Amino acid sequence: MPQQSLRQRLEILADAAKYDASCASSGTAKKHSLGGKGIGSTEGMGICHAYAPDGRCISLLKILLTNHCIFDCHYCINRKSSNVARARFTPQEVVDLTLNFYRRNYIEGLFLSSGIVRSANHTMEQLVEVARILREEHDFRGYIHLKTIPEADAEIIHAAGLYADRVSINVELPTQAGLTRLAPDKNAGQIEGALARTKARIVEAKDERKRFRHAPRFAPAGQSTQMIVGADDASDSAIIGKASRLYGDFGLRRVYYSAFSPIPDASAVLPLKRPPLLREHRLYQSDWLMRFYGFAPQEVVDAAEADGNLPLDIDPKLAWALKFRESFPVDVNRAPKEMLLRVPGLGTKAVARILASRRHRKLRLDDVARLTVSVAKVRPFICTIDWRPTLLTDRADLRGLLAQRSEQLELF
């Protein structure tokens, strides 16, 4: 087999990493390069790239250390039985790529994952070595996200958290039955045990930082996970319930959803086609309702159809409002924040503007229209001093009026 060039390996391993969605970088501690020390910071004077207002690092080098793997997860393009081109980097090669891309202003951080070679401990040690060299030998202060391997020893995962801003462990599938069937080499108890230990260490590190100024940080941007949607028969209700438990039990920053994508030479136990991408989008919307809009998990589940899946033609908040019309209309001049957040079409920023504006005067429908993106979706569910929806809220065809129109695109 001819030796692969660095560029060829980069093409293979960057493409292989695209299936992992959990690479956002919000919430990390800010590090600066004032005094001329360190490179890669996204803060401080003289930095030639921007830091997003919500804390995200704008661009990351997202690659695998290797796509060789001793596991045989049916849904994974890199499983050991898959007929794909294989490649591998050394830790030093990943370090050099990261620094060279950073110096050219292509990236502002690194997202590094890997297939499992030789053993979970060996692979995890290689991932940690990349982060160690960047931090200790090059004083790299950019963002680092390491995908950790739950089968690795706790001490190695602990070392990853000392160097990385964020760590993540994928739960892969929402149900034990799906994991047993499609990922026989993985164990749900082992995965959740690793999540629990990481949470405990994050809490301990925060407490130590309060008492000792120079105590080491541990994954200051927290931990995240990812679930694959559509590879098994789990409903949206089951996925929402699983996500809620993960947030509550392990203090996750994010649960990411990745729509299953058919792969070459796929296993016979997998679906023949991918689920609608809109399903993934609806799950993210439901996640937002629980995290920022005050919805309980059961309330989001109540918005689902009879088969347990969220409707695709309307968003989950609108689906909930249509099922519980007795809660509407809401008076925008009197209703508490909690009820305003349940109005379809009103986001968190719009609600904040309404609360601020109504301190000074009574709001009219035109005022609400100026504070929102579109008033058409809001009108059936609110009342102002000059507007009441009367029978509009109870119309049988209201869903059809508010559902987004979809058009079939022409191929030619």
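**Considering the environment of Thr-175**
Working step 1: In this fold, Thr-175 is placed in the loop between strand 4 (166–168) and helix 5 (176–182).
Working step 2: Put simply, Thr-175 and Met-227 are 52 residues apart on the chain and 10.0 Å apart in space, counted from C-alpha to C-alpha.
Working step 3: Ignoring anything within four residues of it in the chain, the contact list for Thr-175 reads Asp-232 and Ala-234.

**Notes on unusual backbone geometry**
Working step 1: For the bond running from Phe-328 to Pro-329, omega is 5°, close enough to zero to count as cis.
Working step 2: One non-glycine residue, Glu-172, adopts positive backbone phi at about 70°.
Working step 3: Relative to the helices and strands, Glu-172 is located in the loop between strand 4 and helix 5.
Working step 4: Of the residues examined, Glu-172 reaches a relative accessible area of 12% and is grouped as buried.

**Some words on the packing of helix 6 (residues 188–211) against helix 7 (residues 236–250)**
Working step 1: Where helix 6 contacts helix 7, the axes come no closer than 9 Å and their chain directions differ by 40°. As judged from the angle between their axes, helix 6 and helix 7 are oblique. Between helix 6, through Glu-192, Leu-195, Ala-196 and Lys-199, and helix 7, the contact on the second element is made entirely by Lys-242, Arg-245, Leu-246, Gly-248, Asp-249 and Phe-250.

**A look at the pattern of salt bridges**
Working step 1: Here the structure, examined in full by the defined rule, presents 24 salt bridges.
Working step 2: Across the pair Arg-399 and Glu-305 runs a salt bridge, and its minimum N-O distance is 3.1 Å. With a gap of 94 residues between them, Arg-399 in helix 14 (residues 398–402) and Glu-305 in the loop between helix 9 (297–302) and helix 10 (316–323) connect regions that are remote in the sequence.
Working step 3: Its relative accessible area of 33% is what places Glu-305 among the partly exposed residues.
Working step 4: Put simply, Asp-315 and Lys-377 hold a salt bridge, and the shortest N to O gap is 2.3 Å. Within this pair, whereas Asp-315 is found in the loop between helix 9 and helix 10, its partner Lys-377 is found in the loop between helix 13 (365–371) and strand 8 (382–383), the two being separated by 62 residues in sequence.
Working step 5: For Lys-377, a relative accessible area of 24% translates into the label partly exposed.
Working step 6: Put simply, Glu-129, Arg-132, Glu-136 and Glu-137 are held in one network by salt bridges that share partners.

**Some details on the confidence of the model for the protein chain**
Working step 1: Confidence in the prediction of the protein chain, expressed as mean pLDDT, is 85, and 86% of residues score 70 or more.
Working step 2: Counted against residues more than four places away or in other chains, residues 42–54, with its pLDDT under 50, gives 27 contacts.
Working step 3: Ignoring residues within four places in sequence, the model shows residues 408–412, a span with pLDDT below 50, making zero contacts including any to other chains.

**Description of the side chain of Asn-170**
Working step 1: Position of Asn-170 among the secondary structure elements: in the loop between strand 4 and helix 5.
Working step 2: Among the polar contacts listed, one links the side chain of Asn-170 to the side chain of Lys-147, at a separation of 3.3 Å.
Working step 3: One polar contact links the side chain of Asn-170 to the main-chain amide nitrogen of Gln-226, over a distance of 3.5 Å.

**Quick notes on the layout of surface pockets**
Working step 1: A volume near 740 Å³ is recorded for the largest pocket.
Working step 2: Taken together, 36 residues form the lining of the largest pocket, with Asp-20, Tyr-75, Cys-76, Asn-170 and Glu-172 sitting closest to its centre.
Working step 3: Taken together, the residues of the lining of the largest pocket break down into 19 nonpolar, nine polar and eight charged.

**Considerations on the nonpolar core**
Working step 1: Counting residues in hydrophobic clusters, the biggest one holds 113 residues, and the most contacted among them are Tyr-75, Leu-112, Tyr-257 and Phe-381.
Working step 2: In terms of residue count, helix 3 (residues 120–137) provides more of this core than any other element does, eight residues in total.

**Let's talk about the environment of Arg-141**
Working step 1: Secondary-structure assignment places Arg-141 in the loop between helix 3 and strand 3 (143–147).
Working step 2: Look at Arg-141 and you get partly exposed, because its relative accessible area is 22%.
Working step 3: In the structure, Arg-141 is positioned 32 residues away from Gly-109 in sequence and 8.7 Å away in space, judged by C-alpha atoms.

**Some remarks on the packing of helix 3 against helix 4 (residues 154–163)**
Working step 1: The N-to-C vectors of helix 3 and helix 4 enclose an angle of 25°; their axes lie 9 Å apart at closest approach. Compared by their axis directions, helix 3 and helix 4 come out roughly parallel. Where helix 3 crosses over helix 4, the two elements pack in a sense that is left-handed. Counted together, Asn-121, Met-124, Glu-125, Val-128, Ala-131, Arg-132, Arg-135 and Glu-136 of helix 3 and Ile-156, Ala-159, Ala-160 and Tyr-163 of helix 4 form the full contact between these two elements.
Working step 2: Tallied by class, the residues present in the contact of helix 3 with helix 4 amount to seven nonpolar, one polar and four charged.

**A short note on helix 1 (residues 6–16)**
Working step 1: When we look at burial in helix 1, the residues that qualify are Arg-9, Leu-10, Ile-12, Leu-13 and Ala-16.
Working step 2: Each element contacted by the buried residues of helix 1 is listed here: strand 1 (61–64) and helix 2 (91–103).

**Considering the sheet that holds strand 3**
Working step 1: Read from one edge of the open sheet, six strands run 1-2-3-4-5-6, paired in parallel fashion. The sheet is open, and its two borders are formed by strand 1 and strand 6 (254–259), each paired with just one other strand. Looking at each pair of strands side by side, their axes are set apart by 20° on average, direction ignored.
Working step 2: Taken together, the six bridges between strand 5 (residues 223–229) and strand 6 define a ladder with parallel strand orientation. Each residue of the ladder has a partner; that of Thr-225, found in strand 6, is Val-255.
Working step 3: Against the sheet, helix 2 contacts strand 1 and strand 2 (109–113), and its axis sits at roughly 165° relative to strand 1.
Working step 4: Packed onto the sheet, helix 3 meets strand 2 and strand 3 and runs at close to 170° relative to strand 3.

**Digging into the packing of aromatic side chains**
Working step 1: A full pass over the atoms with the stated rule returns seven aromatic pairs.
Working step 2: With a centroid separation of 5.2 Å and 75° between ring planes, the pair formed by Phe-328 and Phe-381 is classed as edge-to-face. Residue Phe-328 is found in the loop between helix 10 and strand 7 (330–331), and its partner Phe-381 is found in the loop between helix 13 and strand 8; the two are separated by 53 residues along the sequence. For the residue pair Phe-328 and Phe-381, the accessibility class agrees, reading buried in each case.
Working step 3: By the ring-pair criterion, three or more aromatic residues cluster together here, those being Phe-295, Trp-320, Phe-324, Phe-328 and Phe-381.
Working step 4: Its guanidinium or amino end placed over the ring of Trp-288, Arg-291 lies 5.1 Å from that ring's centre, counting from NZ or CZ.

Conventions we followed
- Residues numbered from 1 in each chain as written.
- Predicted model: local features only at pLDDT ≥ 70, side-chain atom pairs only at ≥ 80, totals over all residues.
- Heavy atoms only, no water.
- Helix = DSSP H or I, 4+ residues; strand = E, 2+ residues; numbered from the N terminus.
- Contact = heavy atoms within 4.5 Å.
- Buried < 20%, exposed > 50% of the residue type's maximum accessible area, 1.4 Å probe, protein only.
- Axes fitted to C-alpha atoms, helices over the stretch in contact; angles between N-to-C directions.
- Parallel < 35°, antiparallel > 145°, perpendicular 65-115°, else oblique.
- Salt bridge = Lys/Arg side-chain N within 4 Å of Asp/Glu carboxyl O.
- pLDDT = per-residue confidence, 0-100.
- Polar contact = N/O pair within 3.5 Å; in protein donor to acceptor, adjacent residues only side chain to side chain.
- 1 Å grid on protein atoms, 1.4 Å probe; cavity = no way out; pocket = protein on both sides within 12 Å on 5 of 7 lines; lining within 4 Å.
- Points joined across faces, edges and corners; volume = space filled by probe spheres on them.
- Nonpolar A, V, L, I, M, F, W, Y, C, P; charged D, E, K, R; others polar.
- Core = buried A, V, L, I, M, F, W, Y, C linked by side-chain atoms within 4.5 Å.
- Left-handed = near helix turned anticlockwise from the far one by under 90°.
- Pairing = 2+ DSSP bridges.
- Phe/Tyr/Trp six-rings, centres within 6.5 Å; stacked < 30°, edge-to-face > 60°.
- Lys NZ or Arg CZ within 6 Å of the ring centre and 35° of its normal.

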